[in-house]
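Summary of the model geometry
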Amino acid sequence: MAAKKTDLPTAAIMRIAKASGAERVGADGAASILLLAEEYIGKLVREATNFASEAGRKTLKGEDVENASQII
């Protein structure tokens, strides 16, 4: 089975995982984290876009992302 191409760098995921307490992260674990992180980011951006749109803006602001994070 071919791995899905992701936009996030694996090395960054590994650093975050280790900084969060993981002693070691296997390749399959990193791949799972990557896919779930990208899914979460997609949901966050879609919801934040709704907040920006309701405010009559095209540009996402920090407040839009904060508000979106409270929903998802």
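Presented here is a report on the structure given in the accompanying data block. Values in this document were obtained by computation on a predicted structure and should not be read as measured data. (Residues numbered from 1 in each chain as written. Predicted model: local features only at pLDDT ≥ 70, side-chain atom pairs only at ≥ 80, totals over all residues. Heavy atoms only, no water.)

**Some words on helix 2 (residues 27–54)**
Owing to its 3.6 residues per turn, the α-helix brings residues three or four apart onto one side. What counts is decided by this rule: Segments assigned H or I by DSSP are reported as helices when at least four residues long, segments assigned E as strands when at least two residues long, and all are numbered from the N terminus. By definition here, a helix of n residues has an expected span of 1.5 Å times n minus one. Burial status follows relative accessibility: with a 1.4 Å probe on protein chains alone, a residue under 20% of its type maximum counts as buried, one over 50% as exposed, and anything between as partly exposed. Pairs of residues are marked as contacts when any of their non-hydrogen atoms sit within 4.5 Å.
Taking 1.5 Å per residue as the helical rise, helix 2 with its 28 residues ought to reach 40 Å, and the 41 Å between its terminal C-alpha atoms agrees with that figure. All of the buried residues in helix 2 are Ala30, Leu34, Glu38, Leu44, Ala48 and Ala52. Looking at the buried positions of helix 2, the neighbouring elements they touch are helix 1 (10–19) and helix 3 (62–71). Positioned one or two residues after helix 2, Gly56 has a phi angle of 80°, which is positive.

**As for the pattern of salt bridges**
Our working definition: Salt bridges are defined by distance alone: a side-chain nitrogen of Lys or Arg within 4 Å of a carboxyl oxygen of Asp or Glu.
Across all of its chains, the model carries 3 salt bridges by this definition. Between Arg57 and Glu63 there is a salt bridge, with its nearest N and O atoms 3.7 Å apart. With relative accessibility at 49%, the residue Glu63 sits in the partly exposed group. Between Arg57 and Asp64 there is a salt bridge; the shortest N-O distance is 2.7 Å. What makes Asp64 buried here is its relative accessible area of 2%. Through salt bridges with shared partners, a single ionic network connects Arg57, Glu63 and Asp64.

**Here we look at a nonpolar patch on the surface**
How we decide: Here the term patch refers to residues with relative accessible area over 30% and no salt bridge, with like charges joined within 9 Å and nonpolar side chains (Val, Leu, Ile, Met, Phe, Trp, Tyr) within 5 Å. Using the Shrake-Rupley algorithm and a 1.4 Å probe, accessible areas are obtained, with residue cover drawn only from the displayed protein chains.
Taken together, the side chains of Tyr40, Ile41, Val45, Leu60, Val65, Ile71 and Ile72 present a nonpolar region at the surface, about 550 Å² in accessible area. Where the nonpolar patch is concerned, the elements lending two or more residues are helix 2 and helix 3. When residues in the nonpolar patch are grouped by element, the largest group, 3 residues, is from helix 2. If you trace the backbone, Ile72 turns up in the segment after helix 3.

Read these as spatial facts, not as claims about activity.
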